[in-house]
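Chain by chain, the residues:
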Amino acid sequence: MTKVQAKKIITVNLALWIVALLLHPLFRMLPTGSGTPPKIFELLIPIFFIMLAGASTYLLKAAIGTPRDE
């Protein structure tokens, strides 16, 4: 793996984790008619976290498994 590829993978991985950090507060700030967040968010937020963690794990697995070019 070249340095350019490694930097791209690290950048995408950090972006995934930033989205994961901001996801919960952003969902809580969405306006609703009753003033409380919809109950479906309590199911969707963990599903999104699992999807983001899976994508991050996949990227890191691909980066580690790629042979290094000398």
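Refer to the structure above for everything that follows.
Okay, so let's go over this structure. These figures come from a predicted structure and were not determined experimentally.

1. Re helix 2 (residues 41-65)
Think of an α-helix as turning once every 3.6 residues; residues three or four places apart then point the same way. Taking 1.5 Å per residue as the helical rise, helix 2 with its 25 residues ought to reach 36 Å, and the 35 Å between its terminal C-alpha atoms agrees with that figure. Along helix 2, the residues classified as buried are Phe41, Ile45, Leu52, Ser56, Leu59 and Ala63. The secondary structure elements touched by the buried residues of helix 2 are helix 1 (3-29).

2. Concerning the side chain of Ser56
Position of Ser56 among the secondary structure elements: in helix 2. Within the structure, the side chain of Ser56 is placed 3.0 Å from the side chain of Trp17, a separation counted as a polar contact. The contact partners of Ser56, leaving out residues within four places of it in the chain, are Asn13, Leu16 and Trp17.

3. Section: the side chain of Asn13
Inspection of the secondary structure puts Asn13 in helix 1. Not counting chain neighbours up to four residues away, the residues in contact with Asn13 comprise Ser56, Leu59 and Leu60.

Analysis parameters
Residues numbered from 1 in each chain as written. Predicted model: local features only at pLDDT ≥ 70, side-chain atom pairs only at ≥ 80, totals over all residues. Heavy atoms only, no water. Helix = DSSP H or I, 4+ residues; strand = E, 2+ residues; numbered from the N terminus. Expected span 1.5 Å × (residues − 1). Buried < 20%, exposed > 50% of the residue type's maximum accessible area, 1.4 Å probe, protein only. Contact = heavy atoms within 4.5 Å. Polar contact = N/O pair within 3.5 Å; in protein donor to acceptor, adjacent residues only side chain to side chain.

The analysis is restricted to geometry; functional conclusions fall outside its scope.
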